[in-house]
Structure formats: structure tokens, C-alpha cells
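One-letter residues, chain by chain:
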Amino acid sequence: KAGVTQTPRYLIKTRGQQVTLSCSPISGHRSVSWYQQTPGQGLQFLFEYFSETQRNKGNFPGRFSGRQFSNSRSEMNVSTLELGDSALYLCASSSTGTGGFTEAFFGQGTRLTVV
Amino acid sequence: DQQVKQNSPSLSVQEGRISILNCDYTNSMFDYFLWYKKYPAEGPTFLISISSIKDKNEDGRFTVFLNKSAKHLSLHIVPSQPGDSAVYFCAASAMRGFQKLVFGTGTRLLVSP
């Protein structure tokens, strides 16, 4: 069974640009969540999508957005990039949705560098 | 407000000995806890989890203990191996049926031969 796939692995963007990151979850998983990891703030929850709907949102500005497609693949977009957006962006998938707790399985992440 | 805390940034143990990683939380609504292992520039790898209705869960060399009254959990690795050297994160969830994890700041474990 293939794991969570994130593309691209590395990105370098200029301040003010926008960026789109992609995540393909484990087959059969309908929940996709996104996290940002920085040295100063650690791992922080961005948002979660389930069946194409955003169910949860973390404490990030509106420049961070996402969407989920009917095949559960998800994209995350960051507009008007700032230097502080440089981070490892992680996507996780799970079979959550039935009311119980399930584990989240992470992809390898996309390393975004804003210059 | 750091709801999940790992107060030890690093831990060094010898191969074959026990590694004990600790985690404290403040939110009494958390009722599911997970441990992840992470290497630099990679995503976290799930290790083991525990629901608040239990006080212990075991999987091979890994055992997680939960003390709800103290709002404390720990991960025991026995015996420790050099390949266990990584950063370990504890995470907590308060939303049954949803996926929103709150992570601790991590503990770097170094297992020396």
C-alpha cells in the first residue's frame, strides 16, 4: 500500500509570490490534514479536509488555503509569500470520519524556502 | 499557550538500556495520544497511540503509559537501539472523529552503541 505522497519535495519562491503544494493520501483515506513545521513554532495544525469539505482550521492567516478533490487528493495554497512562511509543510492522511480516533500517517513533506 | 509539553529537549542513552520520554498536557479535553518519530527533513512516523480509557499500551519494544490524573504520558523503549536515534514527538487530540493533532516540541533521543 502506497504511503502519503507530497509534491514537490523542495521549493524556492520569492516574497510576494504564491505557491501550491500537493498531497495524495493513502488509498481509502478520506481525511487529509496539513501541518507546518518551523524551528520556532514546532509542528502546527493548518487545516483538515474530509470529503472535499474543510472541517477544521488552525490559527493561520487567510493567505493559507486548501482544497480537496473527489479522489481525496488535496492541495494547499499560500499567497503573498512572506519570509516567515519558510517551513516544512506536512500532509497527513487518516481514515478518520467514523467517530473514533485513528492515527494520522504523514508524507515526507515539502520544504518551502522563501527568499 | 503550549498545551502539550515535552520538557526534555534531549536524551542520551546507551544501546540496550531503557529510554523514557515524557510528555505533559494541560487540556483536560484531550483523550487520544500518539507518539511519532521524526528524522530531519522527513515526515513523522507513527509509533504508538493510547486512548484515555487505557493506562498502558504496548507494541513490541514500545510501551506508552498514560496517567490522566497527572496529565502525563511517557514512552518507554526497551531495549534501545542506535536506529532509535531521532526526534520524538507526542501529540494529542480532543476531537473524536476529526483529525487535529496538537504536538509537543519534541525530544531528541541519541542512542549510543
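All of these numbers come straight from a predicted model, not from anything done at the bench.

### Quick look at the overall build of chain A
Right, so step 1: Within chain A, the regular secondary structure consists of zero helices and 11 strands.
Right, so step 2: Taken from N to C terminus, the helices and strands of chain A fall in the order β-β-β-β-β-β-β-β-β-β-β.
Right, so step 3: A globule of 115 residues ought to have a C-alpha radius of gyration of about 13 Å, and chain A, at 13 Å, matches this closely.
Right, so step 4: Oriented by its inertia axes, the alpha-carbon framework of chain A measures out at about 40 × 25 × 25 Å.
Right, so step 5: Restricting to contacts in chain A with at least 6 residues of sequence separation, those with at least 24 account for 53%.
Right, so step 6: With an accessible surface of roughly 5300 Å², chain A has 47% of that area assigned to carbon and sulfur atoms.

### Considering unusual backbone geometry
Right, so step 1: Of note, the amide linkage connecting T7(A) to P8(A) takes the cis form, showing an omega dihedral of -10°.
Right, so step 2: Positionally, P8(A) belongs in the loop between β1 (5-7) and β2 (10-13).
Right, so step 3: Here the amide bond leading from V78(B) into P79(B) is cis, since omega sits at -10°, within 30 degrees of zero.
Right, so step 4: The backbone of T80(A) shows a phi angle near 45°, a positive value even though the residue is not glycine.
Right, so step 5: Note that T80(A) resides in the loop between β8 (74-78) and β9 (87-94).

### A look at the state of the cysteines
Right, so step 1: For the structure on display, the rule yields two disulfides over all chains.
Right, so step 2: There is a disulfide in this structure between C23(A) and C91(A), and the S-S distance comes to 1.7 Å. Negative torsions about the S-S bond denote left-handed disulfides, and the value of about -55° found for C23(A) with C91(A) makes this one left-handed. Taken as a pair, C23(A) in strand β3 (residues 19-24) and C91(A) in strand β9 lie far apart in primary sequence, 68 residues in all. Accessibility assignment for this pair places C23(A) and C91(A) in one class, buried.
Right, so step 3: Disulfide pairing is shown between C23(B) and C90(B); the S-S distance is 1.9 Å. Its torsion about the S-S bond being 60°, the disulfide of C23(B) and C90(B) is classed as right-handed.

### A few points about the packing of aromatic side chains
Right, so step 1: Inspection of every chain in the model, using the stated rule, returns 13 aromatic pairs over all chains.
Right, so step 2: Seen from their ring centres, Y35(A) and F103(B) are 5.6 Å apart, and the 90° between their planes marks the pair as edge-to-face. With Y35(A) in strand β4 (residues 31-38) and F103(B) in strand β10 (residues 102-103), the pair connects residues from two separate chains.
Right, so step 3: Assessed through its relative accessible area of 0%, Y35(A) is described here as buried.
Right, so step 4: Among the aromatic residues, ring-to-ring pairing joins Y35(A), F45(A), F105(A), F106(A), Y36(B), F46(B), F89(B) and F103(B) into one connected group.
Right, so step 5: Here the guanidinium or amino end of R55(A) rests over the ring plane of F50(A), the centre of that ring lying 4.3 Å away.

### Points about the environment of V32(A)
All names here are of chain A.
Right, so step 1: Along the chain, V32 turns up in strand β4.
Right, so step 2: V32 sits 19 residues away from S51 along the chain, and the two C-alpha atoms are 9.2 Å apart.
Right, so step 3: In this view, V32 contacts C23, P25, F47, E48, Y49, Q68, S72, S74, C91 and A92; residues no more than four positions away in its chain are not counted.

### Some thoughts on the sheet that holds β8(A)
Residue and element names in this part refer to chain A.
Right, so step 1: Judged by pairing direction, the sheet is antiparallel, and its four strands sit side by side in the order β1-β3-β8-β7 without closing on themselves. If you trace the sheet from one side to the other, it starts and ends with β1 and β7 (64-68), each paired once. Neighbour-to-neighbour, the strand axes of the sheet open up by a mean angle of 20°, direction not taken into account.

### Overview of the pairing of β3(A)
Residue and element names in this part refer to chain A.
Right, so step 1: As paired strands, β1 and β3 are joined by three bridges and run antiparallel to one another. Bridge pairing in β3 places T7 opposite S22.
Right, so step 2: As judged from the five bridges shared by β3 and β8, these two strands associate in the antiparallel manner. The residue bridging S22 from the neighbouring strand is E75, located in β8.

How each quantity is defined
Residues numbered from 1 in each chain as written. Chains lettered and ligands numbered in written order. Predicted model: local features only at pLDDT ≥ 70, side-chain atom pairs only at ≥ 80, totals over all residues. Heavy atoms only, no water. Helix = DSSP H or I, 4+ residues; strand = E, 2+ residues; numbered from the N terminus. Rg over C-alpha atoms; globule rule 2.2 N^0.38 Å. Contact = heavy atoms within 4.5 Å. Areas by Shrake-Rupley, 256 points an atom, 1.4 Å probe, with all protein chains shown as cover. Disulfide = S-S within 2.5 Å. Buried < 20%, exposed > 50% of the residue type's maximum accessible area, 1.4 Å probe, protein only. Phe/Tyr/Trp six-rings, centres within 6.5 Å; stacked < 30°, edge-to-face > 60°. Lys NZ or Arg CZ within 6 Å of the ring centre and 35° of its normal. Pairing = 2+ DSSP bridges. Axes fitted to C-alpha atoms, helices over the stretch in contact; angles between N-to-C directions.

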